[in-house]
Structures are given as C-alpha cells and as structure tokens.
Amino acid sequence: MVKKASAPHKERGTPKHGKGKQPKNFLNQDAALDLAAVIAEAQEEKTLSKATKNHQLQAGHPHGVDQKSKLSGSKMKLKETKALLAAQRAHHKREKTKLKKQRERTSNEAASKSELIIISEGSRTRKKVSFA
C-alpha cells in the first residue's frame with residue numbers, strides 16, 4: 001500500500017486570512033482613569049451647556065406671565081365653555097345622587113310601614129320568606 005501525499009498540515013485555530021490568534025489586551029489602571037476623566041469632562045460640558053440654555057430661556061420669559069393674555073379670543077371662549085359644561089355636569093351629577101338617596105329613603109319608609117301592617121294583621125296572613 002502506498003500512502004498518498006496529503007496537503008501540508010495547517011495549524012489549528014488560525015483563520016484563512018488574518019493574523020491568527022491574538023493575545024487579549026487589557027487596559028492598565030492609568031489608561032482606565034484617563035478614559036474616565038475624559039468621559040466626565042464631556043458629560044460636564046453637556047450639562048453646563050444645557051443649564052446655560054435653560055437659564056437664558058428663564059431670563060427672557062418671566063415665569064409669572066398670565067396665560068389668558070397669551071390665548072386668542074376664540075381659545076379663551078372655548079376654555080370658558082368647557083369649564084361651564086364641566087360645572088353643569090358636576091351639578092347634574094350631584095342632583096342625581098340626591099334624588100337617588102331620596103328615593104331610597106322613601107322606599108325604606110314605605111317598606112317599614114308595610115311591615116307594620118303585616119305584623120298587625122299577624123294571625124290572618126303570615127308572610128313566609130325563604131332564602132335559597
């Protein structure tokens with residue numbers, strides 16, 4: 001038996017095109033501290049710019065400006081109408097609950113009177129109630 005010549009042996013783990021297996025590169029402590037300082041400076045610049053923009057906006061527009069003066073006539077009228085409708089709805093709701101309570105009171109009084117009549121009749125008719 002004759003052995004066939006095989007292709008030259010390739011190293012395992014090496015890619016077809018590239019540098020092969022590379023060692024891991026970790027940051028030393030000085031580099032990590034420098035990176036953290038750069039990130040902190042960038043964040044601080046962002047917050048300072050936002051704060052100055054916000055401060056300029058507040059200085060230009062006083063906080064206590066009345067909003068009614070800003071609104072146009074039609075928007076003011078619309079707001080007033082909505083407020084009026086909400087007040088009317090609340091009033092009708094209160095009236096409805098008052099009427100409901102009055103009906104409950106009158107029905108309870110009528111029921112107690114009918115019970116008295118039934119009790120006074122007593123011997124003639126007995127009302128039987130079963131809870132099932």
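Everything numeric in this text was worked out from a predicted model, so none of it was measured.

The helix and strand inventory of the chain stands at three helices and zero strands. Ordering the α and β elements of the chain from the N terminus gives α-α-α. Out of the 132 residues in the chain, the part that is buried amounts to 0%. As displayed, the chain has an accessible area near 14100 Å², and 57% of this comes from carbon and sulfur atoms.

What follows is about a nonpolar patch on the surface. A surface patch of nonpolar side chains, amounting to about 320 Å² of accessible area, comprises Leu-27, Leu-35 and Ile-39. The topology assignment puts Leu-35 in helix H1 (residues 29–60). The class for Leu-35 is partly exposed, based on a relative accessible area of 47%.

Detailed conclusions should not be drawn from predicted coordinates in areas where pLDDT is low. Averaged over the chain, the pLDDT score is 79; the fraction of residues at 70 or greater is 68%. Model confidence for the chain, summarised as mean pLDDT per element, is weakest for helix H2 (residues 67–70) at 62 and strongest for H1 at 89.

The rules behind each value
- Residues numbered from 1 in each chain as written.
- Predicted model: local features only at pLDDT ≥ 70, side-chain atom pairs only at ≥ 80, totals over all residues.
- Heavy atoms only, no water.
- Helix = DSSP H or I, 4+ residues; strand = E, 2+ residues; numbered from the N terminus.
- Buried < 20%, exposed > 50% of the residue type's maximum accessible area, 1.4 Å probe, protein only.
- Areas by Shrake-Rupley, 256 points an atom, 1.4 Å probe, with all protein chains shown as cover.
- Patch = residues over 30% accessible without salt bridge, like charges linked within 9 Å, V, L, I, M, F, W, Y side chains within 5 Å.
- Salt bridge = Lys/Arg side-chain N within 4 Å of Asp/Glu carboxyl O.
- pLDDT = per-residue confidence, 0-100.

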